[in-house]
Amino acid sequence: MAVRFSPLDQSDPAEIAGYQLRARLGSGGMGNVYLSFTRGGRPVALKVVRKEFADDPEFRRRFRMEVAAAQRVQGIYTAPVVDADPDAPVPWLATAYIAGPSLSHAVVEHGPLPEPSVYRLLAGVAEGLGAVHAAGLVHRDLKPANVLLAADGPRVIDFGIARAADATSLTGTGAVLGTPAFMTPEQVAGRPVSPATDVFALAHLVVYAATGHAVFGDGHYATLVYRIAQEEPDLSGCPDGLREFAGRCLAKDPAQRPDLGEIVLFAKDGLTGQADDAAGQRVLAAGPGGRHPRGLRHPSGATARTPIAPGHRGGRIERRHRARHGRGRRPANRRAAGCPARAAAPPGTAAAQGHRAGRPCRAPGGGRRRRLPWLQRQGRRQLAAAAGRGRH
Ligand SMILES: Nc1ncnc2c1ncn2[C@@H]1O[C@H](COP(=O)(O)OP(=O)(O)O)[C@@H](O)[C@H]1O
Ligand SMILES: [Mg+2]
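Our subject in this report is the structure included herewith. Keep in mind the model is a prediction, meaning the values are calculated, not measured.

Moving on, we come to the overall build of the protein. Counting its secondary structure elements, the protein contains 16 helices and nine strands. For the protein, the residues scored as buried account for 53% of the 392 residues in total. For the protein, the share of sequence-separated contacts (at least 6 apart) that also reach a separation of at least 24 residues comes to 61%. For the protein, the computed accessible surface area is about 17200 Å², with 52% contributed by carbon and sulfur atoms.

Now the structure itself:
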């Protein structure tokens, strides 16, 4: 994986609408995303639309509408749109910079996420999508590259804007916006999208996070389109507790899929149910922003210190638990959930002992699962270096 901040080159503008560009964060079908800073020094991600799109009047019309809708999205798990100019010679959009790797980066580099992190991801992204839908938008392009893993939970990025690109002849084949691996049956068939479209993509996303593979595999455009439309998803390797529910969300018929409310309840159950059913109910009763019962955090991650990360060692609850009961035991829900490597390790072996002693998990392939804070420290250092190069 390339470094997350790439230096600017000759082809990059130095400045957009007064924002000095400091580094390139990513390049996609629609354009480039740059790191910049507000006047007050807050980092932002500035998406600059490609010239081909900028020249297309229909794209501009849609982009203007979608940006206005995106600015209405108010959510804890969405990256807020802080500034935009759809009418500029080169249209652009700025979102608050989120420090953390994308889900695709985390999985490619460090393997599948442990099961509790998968449920936390599911709850957080479901809430994020709820905010997107409440603003009258459908994300339409939810995929691992469009979910960033911040220390306090996931953030959905890039919502709604894909629709503007869909409106142009440039994306008629889907080639410009990249692989269709995470598209839905209705999208590949050219049928209308709805919030249920995002439900399908969300289930795909969490199965990917849990297993490390896309449910319709890799391959050429036509092969993937056929599989998405006709074949059953490959849920091998999916944790038992998730498989059946994910299968329902991946129904070909959008009307058969659960809604986001049901998904959030399912994710909360997945986190709390194994440990303490009654306490789980109290969490649900507390609702978002409510007081959480002693010993439990809001499972969607809003207040969680435990990062969503492969191989994390746990947060405040687990540290308190270890202080009381020693390092050899972990809270029941964590022990029950476990990571694939721990589950596979025969009892009494070094691998199983290693997990109980709280050492970092090993990915199924044997690789060491790095903790998210390591990635985040690296990100913070790069950010500080970029900021040091000057602000506008
Ligand atoms: N708000 C943000 N904070 C941090 N990084 C971001 C942000 N928005 C985008 N990025 C980075 O830029 C990449 C591409 O951004 P995205 O908005 O998904 O554009 P596109 O998919 O059109 O290329 C992301 O994968 C991420 O690495
Ligand atoms: Mg994207």
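Once that is clear, we can look at the packing of helix α7 (residues 195–211) against helix α9 (residues 240–249). The contact between α7 and α9 brings their axes to 8 Å, and the two run at 150°. Taken as axis vectors, α7 and α9 run roughly antiparallel relative to one another. Both α7 and α9 take part in a crossing whose hand is left-handed. Residues V199, F200, A203, V206, V207 and A210 of α7 form the contact with α9, whose own contacting residues are L242, A246 and C249.

Here H204 is to be found in helix α7. Polar side-chain contacts of H204 include one of 2.9 Å to the backbone nitrogen of V215. Setting aside anything within four residues of it in sequence, one finds H204 in contact with A181, F182, A214, V215, F216 and L250.

Taken together, 15 residues are adjacent to ligand 1, and K47, A96, I98, N146 and D158 come closest. Take T95: an N or O atom from its side chain is 3.1 Å from a nitrogen atom of ligand 1. One of the backbone nitrogen or oxygen atoms of A145 is found 3.4 Å away from an oxygen atom of ligand 1. Put simply, the parts of the chain that give the shell around ligand 1 at least two residues each are β3 (23–27), β5 (43–49) and β7 (92–96). Of the residues in the shell around ligand 1, the class split is nine nonpolar, four polar and two charged.

What follows concerns the coordination of the magnesium ion (ligand 2). As a benchmark, a tetrahedral metal site with four donors has ideal angles of 109.5 degrees, while an octahedral site with six donors has ideal angles of 90 or 180 degrees. Taken together, the protein donors to the magnesium ion (ligand 2) comprise N146 (OD1) and D158 (OD), at separations of 2.1 to 2.2 Å. Here D158 lies in the loop between β9 (153–156) and α5 (162–166) and N146 lies in the loop between α4 (115–134) and β8 (147–150), a separation of twelve residues in the sequence. You can call N146 buried: its relative accessible area is 5%.

For the rest of this paragraph, the subject is helix α10 (residues 260–272). For α10, built from 13 residues, the straight-helix expectation of 18 Å at 1.5 Å per residue is met to within 8% by its first-to-last C-alpha distance of 18 Å. Within the span of α10, buried status applies to L260, I263, V264, F266, A267, K268, G270, L271 and T272.

With respect to the helices and strands, E127 occurs in helix α4. On the accessibility criterion, E127 (24% relative accessible area) is partly exposed. Spatially, the C-alpha atom of E127 lies 6.7 Å from that of Y77, the residues being 50 residues apart in sequence.

It is worth spelling out the nonpolar core at this point. Counting 66 residues, the largest nonpolar core has F63, L103, V125, L142, L202, L242 and I263 as the members making the most contacts within it. At eleven residues, α7 tops the list of elements feeding residues into this core. When sequence neighbours within four positions are dropped, the list of residues in contact with V125 reads L142, V147, P154, V156, L202 and L205. Counting ten residues, the second largest nonpolar core, distinct from the first, contains I16, Y19, V44 and A94.

Another point: the side chain of H139. The residue H139 is located in the loop between α4 and β8 in this model. Engagement of the side chain of H139 in a polar contact is seen with the backbone nitrogen of D141, the distance being 3.0 Å. A distance of 3.3 Å separates the side chain of H139 from the backbone nitrogen of L142, its partner in a polar contact. Ignoring any residue separated from it by four or fewer positions in sequence, one finds H139 in contact with L129, V132, N146, V156, I157, D158, F159, G160 and D198.

Let us now look at unusual backbone geometry. Phi angles above zero are rare outside glycine, and R140 is one such case at about 75°. Taking the relative accessible area as the measure of exposure, R140 reaches 17% and is therefore buried. Positive phi values are uncommon outside glycine, yet D158 reaches one of about 70°.

What counts, and at which threshold
- Along every chain, residues carry numbers that run from 1 in the direction the sequence is written.
- In the order they appear in the text, chains get letters beginning with A and ligands get numbers beginning with 1.
- Only residues with pLDDT of at least 70 get local features here, since the model is predicted, and only at 80 or more are side-chain atom pairs given and counted; chain-wide, interface and lining totals rely on the full set of residues.
- Remark: hydrogens and water are excluded; side-chain values derive from all non-hydrogen atoms of the structure.
- Helix and strand labels come from DSSP, where a helix needs a run of H or I of at least four residues and a strand needs a run of E of at least two; each type is numbered from the N terminus.
- The buried label applies to any residue whose accessible area, calculated with a 1.4 Å probe on protein chains only, is under 20% of its type's maximum; exposed applies above 50%, and partly exposed to all values in between.
- In this description, contact between two residues means that some pair of their heavy atoms is separated by no more than 4.5 Å.
- Methods summary: accessible areas were calculated by the Shrake-Rupley approach with a probe of 1.4 Å, and residue burial reflects only the protein chains presented.
- Axis geometry follows a simple rule: fit a line to the C-alpha atoms, using only the stretch in contact for helices, then measure angles between N-to-C directions, giving values from 0 to 180 degrees.
- What sets the label is the angle itself: under 35 degrees gives roughly parallel, over 145 gives roughly antiparallel, 65 to 115 gives roughly perpendicular, and the rest give oblique.
- Rotating anticlockwise by less than a right angle from the far helix to the near helix defines a left-handed crossing, while the corresponding clockwise rotation defines a right-handed one.
- Residues adjacent in sequence count toward polar contacts only when both atoms are side-chain atoms; beyond that, a polar contact is any pair of N or O atoms within 3.5 Å, and within protein one must be able to donate a hydrogen and the other to accept it.
- If a single non-hydrogen atom of a residue is within 4 Å of a molecule or strand, that residue counts as near it.
- By the convention adopted, Pro, Cys, Tyr, Trp, Phe, Met, Ile, Leu, Val and Ala count as nonpolar, Lys, Arg, Asp and Glu as charged, and the other residues, Gly among them, as polar.
- Here a donor is an N, O or S atom found within 2.8 Å of the metal, or within 3.2 Å if the metal is Na, K or Ca; sites may look incomplete because water is not among the atoms.
- By this rule the span expected of a helix is its residue count minus one, scaled by 1.5 Å.
- To form a nonpolar core, buried Ala, Val, Leu, Ile, Met, Phe, Trp, Tyr and Cys residues must be joined to one another through side-chain atoms within 4.5 Å.

These values are about where atoms sit, not about what they do.
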